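The lines below spell out each chain.
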Amino acid sequence: MASPTYQPRVNTSGNGWRNPPLGGSDGGHRLSHQPRPDEDQSGPTGPKPRPGYGLRGPRRSPHVLTAESLASLTLPVGDDGVIIGIDPQNQPAVLSLLRPAPMEIALVGSMWMAQVLALRTVAVGARVAVETARPPAWGQMAQAAGGGQQCVSVHDVRQIAPQGPSVSSPVLVVRDMGARPPRNQLAPSPWQSVLTVLPFLGPRSPQMLSRADLVGLQRLSPEEAEVVTRIMRLPEQVGAVLPTLSDNAMLWCSREGHQFVMTQPTEAETNLLGGPRRMD
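Thresholds applied
- Just so you know, the residues in each chain are numbered from 1, in the order the chain's sequence is written.
- Where totals are concerned, whole chains, interfaces and linings use all residues; where local detail is concerned, this predicted model gives features only for residues with pLDDT of at least 70, and gives and counts side-chain atom pairs only at 80 or more.
- With hydrogens and water set aside, each side-chain value is computed from the structure's full complement of heavy atoms.
- Any carboxyl oxygen of Asp or Glu that lies within 4 Å of a side-chain nitrogen of Lys or Arg is treated as forming a salt bridge with it.
- For helices the rule is a DSSP run of H or I covering at least 4 residues; for strands it is a run of E covering at least 2, with both sets numbered from the N terminus onward.
- A simple rule labels every residue: compare its accessible area, found with a 1.4 Å probe on the protein chains alone, to the largest value its type can have, and call it buried under 20%, exposed over 50%, or partly exposed in between.
- Think of it as the arc spanned by the lines of direction from the helix axis to the C-beta atoms.
- Identification of polar contacts relies on pairs of N or O atoms within 3.5 Å, with a donor-acceptor requirement for protein atoms, meaning one able to donate a hydrogen and the other able to accept it, and with residues adjacent in sequence counted only if both atoms are side-chain atoms.
- Two residues form a contact once any of their heavy atoms are found within 4.5 Å.
- Every axis in this analysis is a line fitted to C-alpha atoms, fitted for helices over the stretch in contact. Angles between the N-to-C directions lie between 0 and 180 degrees.
- Oblique is the label for every angle not falling under 35 degrees (roughly parallel), over 145 degrees (roughly antiparallel), or within 65 to 115 degrees (roughly perpendicular).
- By the definition used in this description, the sense in which the near helix is turned from the far one sets the handedness, with an anticlockwise turn below a right angle giving left-handed and a clockwise turn giving right-handed.
- Only Asp, Glu, Lys and Arg are considered charged in this grouping, and only Ala, Val, Leu, Ile, Met, Phe, Trp, Tyr, Cys and Pro are considered nonpolar; every other residue, Gly among them, is considered polar.
- By the convention used here, strands pair only if DSSP detects at least 2 bridges between them.

**Some words on the pattern of salt bridges**
Tallying each qualifying case throughout the model produces 7 salt bridges. Across the salt bridge formed by R120 and E269, the nearest N and O atoms sit 2.9 Å from each other. Pair noted here: R120 is in helix α1 (residues 111–123) and E269 is in helix α6 (residues 267–273), with a separation of 149 residues, a long-range link. Each member of the pair, R120 together with E269, is buried. Note that D213 is salt-bridged to R255, the shortest N-O span being 3.6 Å. Of this pair, D213 sits in the loop between α3 (205–211) and β8 (214–217) while R255 sits in the loop between β9 (249–253) and β10 (258–262), and the two are 42 residues apart along the sequence. The exposure class of D213 is partly exposed, given its relative accessible area of 31%.

**Details of helix α2 (residues 135–144)**
Here α2 has its buried residues at W138, M141 and A142. Projected onto a plane normal to the axis of α2, the buried residues spread over an arc of 105 degrees and lie on a single side. Residues of α2 that are exposed and angled more than 90 degrees away from the buried face: P136, Q140 and Q143. Of the residues one or two after α2, G146 is the one with positive phi, at around 85 degrees.

**Thoughts on the side chain of R175**
Structurally, R175 is set in strand β6 (residues 171–176). We classify R175 as buried; its relative accessible area is 4%. A distance of 3.3 Å separates polar atoms of two side chains, one belonging to R175 and the other to N184. Beyond its immediate chain neighbours, meaning those up to four positions away, R175 contacts E131, P181, P182, R183, N184, V194, L195, T196 and V197.

**Comments concerning the packing of α1 against α2**
Between two packed helices, both the angle of their axes relative to each other and the distance between the axes serve to describe the pair. Look at α1 against α2: their axes get within 11 Å of each other, and the N-to-C directions meet at 30 degrees. By the angle between their directions, the pair α1 and α2 is classed as roughly parallel. Viewed along their axes, α1 and α2 form a crossing whose handedness is right-handed. For the pair α1 and α2, contact is made by M111, A114, Q115, A118 and L119 and by A137, W138 and M141, respectively. Looking at side-chain class alone, the contact of α1 with α2 contains 7 nonpolar, 1 polar and no charged residues.

**Some points on unusual backbone geometry**
Positive phi values are uncommon outside glycine, yet R158 reaches one of about 65 degrees. Relative to the assigned elements, R158 resides in the loop between β5 (152–155) and β6. In the Ramachandran plot, R233 falls in the positive-phi region, its phi being about 55 degrees despite a non-glycine side chain. By the secondary structure assignment, R233 is in the loop between α4 (222–232) and α5 (236–239).

**Quick look at the pairing of strand β2 (residues 92–95)**
Alternating residues of β2 divide into A93 and L95, all buried, and P92 and V94, none buried. Looking at chain direction, strand β1 (residues 82–86) and β2 are connected through 4 bridges and run antiparallel. Note on β2: the bridge partner recorded for I86 is P92. The loop that links β1 with its antiparallel partner β2 comprises 5 residues; one of these, N90, has a positive phi angle of about 65 degrees.

**Here's the deal with the environment of P235**
Mapping P235 onto the fold places it in the loop between α4 and α5. Accessibility expressed as a relative area gives 29% for P235, which makes it partly exposed. Separated by 23 residues in sequence, P235 and H258 place their C-alpha atoms 9.9 Å apart. Discounting chain neighbours no more than four positions away, the residues touching P235 are T229 and H258.

Pasting the structure below:
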């Protein structure tokens, strides 16, 4: 049987599958993989796209910064950490709870204040491990923190395991075991700070306060205020204010100085923890 023959279809307009011949005096033809004359190379970006085959980018020179100009670049960076409230000038008060160096914190106050600090520490991307003699009181907060992720873990006394802190996963260890807490099993380390909650001053409290890198004080009795004023070397007028503080006011002090702060709970914190209080 003879093979059938047919005439190929020719698209004279040049808009079909076949490439039309190039115009010009030489009457030559262009291979399909070669660019048109008006599609010359344009620097390192390659051939210019044909209309209908992609958007044309900006025809500007790239922005180039010389090595000598790098020193003139500046980036304004303020204090980083946990916003714990506002200062007397109505400015945000930021507390750097997690550092590359070990840090020990003593909080003479309520579990409410400790839980607010724990929630705000989780909000900045850290983990919180709570060693407490009252796990049910911390359980609800632990479940609500982190949006379903396990950001807060609650442990019985002496049942807390090493947390493996790192620069990408810092840890705040909260110890809530009354005015006479046992010996700490997890010592402060780089990127792992330890916060001990004291409801009131006990026999071992003066030693703990003098050893701490940072001390937070809610309202104290006049006798407690005298002890703290002497240990922390506070001005007498500052110590005299401690018995008059409101439930959401605190004095934060260290070896470098002191600062009054008012902690204003958010609506979510109030719904979860209730209003500010000095005793739980």
